[in-house]
Amino acid sequence: MRDMKNGTQKSGIENIQKVFSAKYLLNLIREYNEGHKNDIRKIAVLVALGLVSALILQERAGAGYFIVSFLVAAIILLLFYKDIRRYKPGYLGDYKMLLLLGILVTGTLLTGRFFAYILSGLNRGLDFPDGISFIFGIPIPMGAMLVALIFDFHTAIIFSFAISLLTGIWLNNPFYPVYAFIGSLTAAFGVMRCRKRSALLKGGLYVSAVNVVTSGIILLLAGALFSDAAPASFLFAAVSGLMVAAIVSLVLPVIEYTFGITTDISLVELLDLDQPLMRNLMITAPGTYHHSVIVGNLAEAAAEAVGANPLLARVTAYYHDIGKIKMPEYFVENQASTVSKHEKLTPHMSSMILTSHVKEGIELAKQYKLPRLVTDIIQQHHGTSLITYFYQKAIEQQTGDMVLQGNYRYPGPRPQTRVAAIVMMADAAEAASRALTDPTPARISALVDRIINNIFLDGQIDDCELTLKDISEVKRRFTYILTSIFHRRIEYPEFDLRPAPSIARHESHSSDALRTTLHAQRINPDVFSAQDNGNSDKEQPKAHKDKPA
């Protein structure tokens, strides 16, 4: 018993020594670092951002002032980080976007300090009576405008809040944070639907107008509205918006190129039909191009209904099938003859040709330097869906070997975003609607419902953020647009294209004029013709129905 006791005591002492050994502690730290590597990296970014902001905000010398500035900046940036983590966690998963956001914070502060120095010198050179009127001209709203263009409006709001508080610390003015916050919000609002670079100037003019009003309110609160400093303050406030538009116009293309960012302005440029890839698609695969345009209409309407980016949906729908340029004749929308090229191929070979258009599309997208967002949706627009026709054909022709379903599925991945899922559903719905012989509204609605339900049950949209309410809204929009496309036509009478005798040229001309007038009024002119000529028992021309548009 004593040996066992001694042995236990010895083992306990060894464990205590192991716990307090340096090697054991280092291992624990290493394991913690590996498990929380991303968290440590984010904390390091926040600390570095706080230090840089404190240095920029340093207005007077002294360690105490620097420490206070750092603590206040750290608290503001921590609130900024918490809001992004709560509402926009996707940005934290992308280190590049997080770095860009930090650069925009420090870049806005640095730009503000630079222009403050320039404008203060201008203020002294023009000998304005008030020495602080120049602060109304500092282009702080440029940061919020860039964030709204690159990220989203919600991030622009919290960015405006953080940057206005930081500038208030720097300028030591209780009214300036309000001025900067209102101007920044206006800048973000001004570019919410920005699809042209000329819209940046309009946003800058909005900022100028709001800044003039806000500066007037601040001067009124300070009791200086009717002082000699008011004209200079209004002048700087009006010029600030123009400087914001100019700076954003110069900086935005640099950010897009450096970080590979795709804004709505870049997406609009891809809709130009003079783009080499789009022109090649129109010439080489006209059927695919027409299909892509219809899919773009469907996707844009559905994306707008569920709160996704409608412009991104339209652009990606235009380019989702560009891989068919390589072998257009193997896709039914581009086949001119009634004999399909797949009749001489095995089902497995046909499925390989069909799935290859995704890989070919990715290669073309990289060759023509399409944005990453577009390339990702090209890769995901079929997900891992099954090529049902050739799979069933392979089962029917099965001789000995088992038909593996995996050989007849697209490589994936499945749609990762709502826009990718909408493009997938629009692609399938448009293709299936062309097979309807009598496209009545009820049949179109049933078809759309069946197509989207099959995609849902196959698990293709499990990785995106579409809700059941969103799916219901997508079905409704698809049904409405497809019903409008495949609308019924009224019956038009056939025209007799045989040349009239020369002796009846005048009568024929008058009859044609009457026929044209009646045709414009949707009246059958043959009825009137028969009554006038007394030949009511004469055989009437046969009517025909136009094909669906």
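For the structure itself, look to the data block above.
Cut-off values and rules
Residues numbered from 1 in each chain as written. Predicted model: local features only at pLDDT ≥ 70, side-chain atom pairs only at ≥ 80, totals over all residues. Heavy atoms only, no water. Helix = DSSP H or I, 4+ residues; strand = E, 2+ residues; numbered from the N terminus. Buried < 20%, exposed > 50% of the residue type's maximum accessible area, 1.4 Å probe, protein only. Contact = heavy atoms within 4.5 Å. Areas by Shrake-Rupley, 256 points an atom, 1.4 Å probe, with all protein chains shown as cover. Polar contact = N/O pair within 3.5 Å; in protein donor to acceptor, adjacent residues only side chain to side chain. Salt bridge = Lys/Arg side-chain N within 4 Å of Asp/Glu carboxyl O. Axes fitted to C-alpha atoms, helices over the stretch in contact; angles between N-to-C directions. Left-handed = near helix turned anticlockwise from the far one by under 90°. Nonpolar A, V, L, I, M, F, W, Y, C, P; charged D, E, K, R; others polar. Parallel < 35°, antiparallel > 145°, perpendicular 65-115°, else oblique. Phe/Tyr/Trp six-rings, centres within 6.5 Å; stacked < 30°, edge-to-face > 60°. Lys NZ or Arg CZ within 6 Å of the ring centre and 35° of its normal. Core = buried A, V, L, I, M, F, W, Y, C linked by side-chain atoms within 4.5 Å.

Looking now at the overall build of the chain. Of regular secondary structure, the chain possesses 23 helices and two strands. Across the 549 residues in the chain, those meeting the buried criterion constitute 43%. Here the analysis covers contacts within the chain between residues at least 6 apart in sequence; of these, 73% occur between residues at least 24 apart. Per element, the accessible surface of the chain, about 30,700 Å² overall, is 60% carbon and sulfur.

A word on the side chain of Gln460. Positionally, Gln460 belongs in the loop between helix H20 (441-457) and helix H21 (468-485). With relative accessibility at 1%, the residue Gln460 sits in the buried group. Among the polar contacts listed, one links the side chain of Gln460 to the side chain of Asp458, at a separation of 2.9 Å. Here Gln460 is in contact with His382, Gly383, Thr384, Ser385, Arg409, Arg414, Pro415, Met424 and Ile455, once residues within four sequence places are set aside.

For the rest of this paragraph, the subject is the pattern of salt bridges. Inspection of the entire model under this criterion finds 14 salt bridges. Between Arg409 and Asp458 there is a salt bridge, with the nearest N and O atoms lying 3.3 Å from each other. Note that Arg409 is positioned in the loop between helix H18 (388-396) and helix H19 (418-433) and Asp458 in the loop between H20 and H21, a separation of 49 residues in sequence. Asp463 is the salt-bridge partner of Arg414, the closest N and O atoms lying 3.4 Å from each other.

Two numbers describe how helix H14 (residues 286-306) lies on H21: the axes approach to 9 Å, and their chain directions differ by 145°. Handedness of the H14/H21 crossing: right-handed. Two secondary-structure elements touch here, H14 through Ile294, Asn297, Leu298, Ala299, Ala301, Ala302, Ala305 and Val306 and H21 through Asp470, Glu473, Val474, Arg477, Phe478, Ile481, Leu482 and Ile485. When its residues are assigned to classes, the contact of H14 with H21 shows twelve nonpolar, one polar and three charged.

Let us look at unusual backbone geometry. In this structure, Pro413 follows Gly412 across a cis peptide bond, with omega equal to 5°. With respect to the element layout, Pro413 can be found in the loop between H18 and H19. Positive phi, close to 55°, is recorded for Lys369, a residue that is not glycine. Following the sequence through the fold, Lys369 ends up in the loop between helix H16 (347-367) and helix H17 (372-380).

Mapped onto the elements, Ser69 comes out in helix H4 (residues 63-87). The class for Ser69 is buried, based on a relative accessible area of 2%. Apart from the residues within four sequence positions on either side, Ser69 is in contact with Ala54 and Gln58.

Turning to the packing of H19 against H20, a few remarks are in order. Packing of H19 against H20 brings their axes to within 10 Å, and their N-to-C directions diverge by 135°. Between H19 and H20, the angle falls in the class oblique. Every pair of crossing elements has a handedness; the one defined by H19 and H20 is right-handed. Contacts between H19 and H20 involve Met424, Met425, Ala428, Ala429, Ala432 and Ser433 on the former and, on the latter, Leu447, Ile451, Ile452 and Ile455.

This model, assessed by the stated rule, comprises nine aromatic pairs. Aromatic side chains Phe136 and Tyr179 sit 5.1 Å apart centroid to centroid with 85° between the ring planes, which places their arrangement in the edge-to-face category. Taken together, the positions of Phe136 in the loop between helix H6 (95-125) and helix H7 (142-150) and Tyr179 in helix H9 (residues 176-190) put the pair 43 residues apart, joining distant regions of the chain. One exposure class covers both Phe136 and Tyr179, and it is buried. Each member of the aromatic cluster is reached from another via a ring pair, and the members are Phe136, Tyr176 and Tyr179. Across the ring face of Tyr87, the terminal group of Arg86 is positioned such that the distance to the ring centre comes to 5.0 Å.

With that settled, consider H7. In terms of residue burial, H7 counts as a mostly covered element, since nine of its nine residues are buried. Inspection of H7 places Met142, Gly143, Ala144, Met145, Leu146, Val147, Ala148, Leu149 and Ile150 among the buried residues, and these make up the whole buried set. Packing partners of the buried residues in H7 comprise H6, helix H8 (153-171), H9, helix H10 (199-221) and helix H11 (230-259).

Quick look at the nonpolar core now. Soluble globular proteins tend to bury their nonpolar side chains together. The biggest cluster of nonpolar side chains holds 68 residues, and the ones touching the most others in it are Tyr319, Ile322, Leu370 and Phe478. Once you skip the residues sitting within four places of it in the chain, Phe478 turns out to touch Leu298, Ala299, Ala302, Ile422, Met425, Ala426, Ala429, Val448 and Ile452.

This next bit is on the environment of Phe128. Within the secondary structure layout, Phe128 lies in the loop between H6 and H7. The class of Phe128 is partly exposed, set by a relative accessible area of 22%. Separated by 105 residues in sequence, Phe128 and Ser233 have C-alpha atoms that sit 9.6 Å apart. Not counting chain neighbours up to four residues away, the residues in contact with Phe128 comprise Asn123, Ala232, Leu235 and Phe236.

The quantities given are spatial measurements derived from coordinates; they are silent on function.
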